[in-house]
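# Structure assessment
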Amino acid sequence: MRARQLEVFTAVMRVGTVTGAAQLLNISQPALSQILMHCEDELGFKLFDREKGRLRPTAEALEIHAEAERLFAGLEGLRRKTQDLRLGQAGLVRVAASVPPAMSLLPDILSRYRTRHPDVLLRSHVAPIGSLVALLRAGDAAMAMAMDDQMTPDIAVERLGLTTFCCLLPKAHALVSQDSVSFADLQDETVISYRAPTRPREELDNAARRQGRVFSAQLEIEVSISAVGFVQAGLGVAVVDDLLPWRQFEGVTTRPLEGGPDLPLSLLTLADKTLSRAEEGMRDEIRTLCAERLPSIP
């Protein structure tokens, strides 16, 4: 029994007349009768007997009715799912991010997306840049937000905006009295910052060198969020991205890094991958919110 024949059979079983079933399916009575006749020819037995304008199911029809209803329900569910996928209303969207955009931007991005696409399953990953690329290549994420724009050719890069750096200080530190902290101010401090040769560290090294200074970190970190506990414990002054919402942490305060470099926030995807409608919707939300929150790229 083909899909259209299954649809006609279940409609007639539910309504009991050709007229009612045709109206239910929005087709003509002759067309419905023709489909039903072809179905019976292919099956090799009758499905209905006519009695006073109504169709009485045969024993064979009654035998297969329950299974036909189950299959028809599955077919209807598949149709709804494919329509939702076409409209970007259903499916699975997997988005990854490094910690700063994951804590500062991604919550609002997902909230906006959820409002527009309540039936889409969302899956998020938070990881350092090397792991983000691995997630994309493995198919475990469709897109990733990362503070870098230098990738291998298999990774497509779309620059979303810029962020910069700040200094994370214990609240009782002497530098809190200043409006900003310079590279010169850091020369006698124990500095907590990114390990070499990460992109943030390279940018900080280059910015300090342009000012005739040397930037060095006595306590190196992989991800900026790990600096919070170290600063709270009084281990030093952290130089970290200005994207993460540092003010939510007790016992620390921030000051701008004077003469600090810009750092791009990028959207990464596989270069040869076509996004689904649902994934395109997520990309649009990311673009929109980043345009609202971040300085634009010259």
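Everything here concerns the structure above.
Here the structure is a predicted model, which means the values were calculated and not measured. (Residues numbered from 1 in each chain as written. Predicted model: local features only at pLDDT ≥ 70, side-chain atom pairs only at ≥ 80, totals over all residues. Heavy atoms only, no water.)

### Things to note about the overall build of the protein chain
The secondary structure content of the protein chain amounts to ten helices and twelve strands. Relative to the globule expectation of 19 Å for 298 residues, the C-alpha radius of gyration of the protein chain, 31 Å, shows a markedly less compact shape. The principal-axis extent of the C-alpha atoms belonging to the protein chain is close to 100 × 40 × 30 Å. The buried share of the protein chain, taken over its 298 residues, is 45%. Put simply, of all contacts in the protein chain between residues at least 6 apart along the chain, 74% involve residues at least 24 apart. Accessible surface computed for the protein chain: about 15,100 Å², of which carbon and sulfur atoms make up 50%. (Helix = DSSP H or I, 4+ residues; strand = E, 2+ residues; numbered from the N terminus. Rg over C-alpha atoms; globule rule 2.2 N^0.38 Å. Buried < 20%, exposed > 50% of the residue type's maximum accessible area, 1.4 Å probe, protein only. Contact = heavy atoms within 4.5 Å. Areas by Shrake-Rupley, 256 points an atom, 1.4 Å probe, with all protein chains shown as cover.)

### Section: the side chain of glutamine 5
In this structure, glutamine 5 sits in helix H1 (residues 3-15). Overall, the relative accessible area of 7% leaves glutamine 5 in the buried class. In this view, glutamine 5 contacts Ile35, His38, Cys39 and Glu42; residues no more than four positions away in its chain are not counted.

### Details of the layout of surface pockets
By rolling a water-sized probe across the atoms, one finds the places where empty space is left. Of the volumes computed, that of the largest pocket is approximately 430 Å³. Elements with a contribution of two residues or more to the lining of the largest pocket: helix H5 (99-104), helix H7 (129-138) and helix H8 (199-210). Ranked by residue count, the leading element in the lining of the largest pocket is H8, at three residues. Counted by class, the lining of the largest pocket contains eleven nonpolar, five polar and six charged residues. (1 Å grid on protein atoms, 1.4 Å probe; cavity = no way out; pocket = protein on both sides within 12 Å on 5 of 7 lines; lining within 4 Å. Points joined across faces, edges and corners; volume = space filled by probe spheres on them. Nonpolar A, V, L, I, M, F, W, Y, C, P; charged D, E, K, R; others polar.)

### Considerations on the environment of phenylalanine 215
Within the secondary structure, phenylalanine 215 sits in the loop between H8 and strand E9 (219-221). If we skip the residues at most four places from it in the chain, phenylalanine 215 touches Phe183, Leu186, Val191, Ser193, Arg201, Leu204, Asp205, Ala208 and Val239.

### Here we look at unusual backbone geometry
In this structure, proline 197 follows alanine 196 across a cis peptide bond, with omega equal to 5°. Relative to the elements of secondary structure, proline 197 occurs in the loop between strand E8 (191-194) and H8.

### Considering the packing of helix H2 (residues 18-25) against helix H3 (residues 29-43)
Axis separation between H2 and H3 bottoms out at 9 Å; the angle between their running directions is 105°. It follows from the interaxial angle that H2 and H3 lie roughly perpendicular. In this structure, H2 contributes Val18, Thr19, Ala21, Ala22 and Leu25 to the contact, and H3 contributes Gln29, Leu32 and Ser33. Of the residues contributing to the contact of H2 with H3, the split by class is five nonpolar, three polar and no charged. (Axes fitted to C-alpha atoms, helices over the stretch in contact; angles between N-to-C directions. Parallel < 35°, antiparallel > 145°, perpendicular 65-115°, else oblique.)

### A look at helix H6 (residues 106-116)
For H6, the full list of buried residues reads Leu106, Ile109 and Tyr113. Take H6 and look down its axis: the buried residues cluster within an arc of 60°, on one side only. Along its buried surface, H6 packs onto strand E3 (91-97), H5, strand E4 (120-126), strand E5 (143-146) and helix H10 (277-293). (Arc of directions from axis to C-beta.)

### Re H10
Given a rise of 1.5 Å per residue, 17 residues ought to cover 24 Å, and the 25 Å separating the end C-alpha atoms of H10 matches this to within 8%. Among the residues of H10, Ala278, Glu279, Gly281, Met282, Glu285, Ile286, Leu289 and Cys290 are the ones counted as buried. In a view along the axis of H10, the buried residues occupy a sector of 160°, so they form one face of it. Packed against the buried residues of H10 are E3, H6, E4, E5, strand E6 (155-163) and strand E12 (263-270). (Expected span 1.5 Å × (residues − 1).)

### Concerning the sheet that holds E9
Pairing is mixed in the open sheet, where five strands are placed in the order E9-E8-E10-E7-E11. Looking at the sheet topology across the chains shown, the edges are occupied by E9 and strand E11 (252-256). The mean inter-strand angle of the sheet, taken between neighbouring strand axes irrespective of direction, is 30°. (Pairing = 2+ DSSP bridges.)

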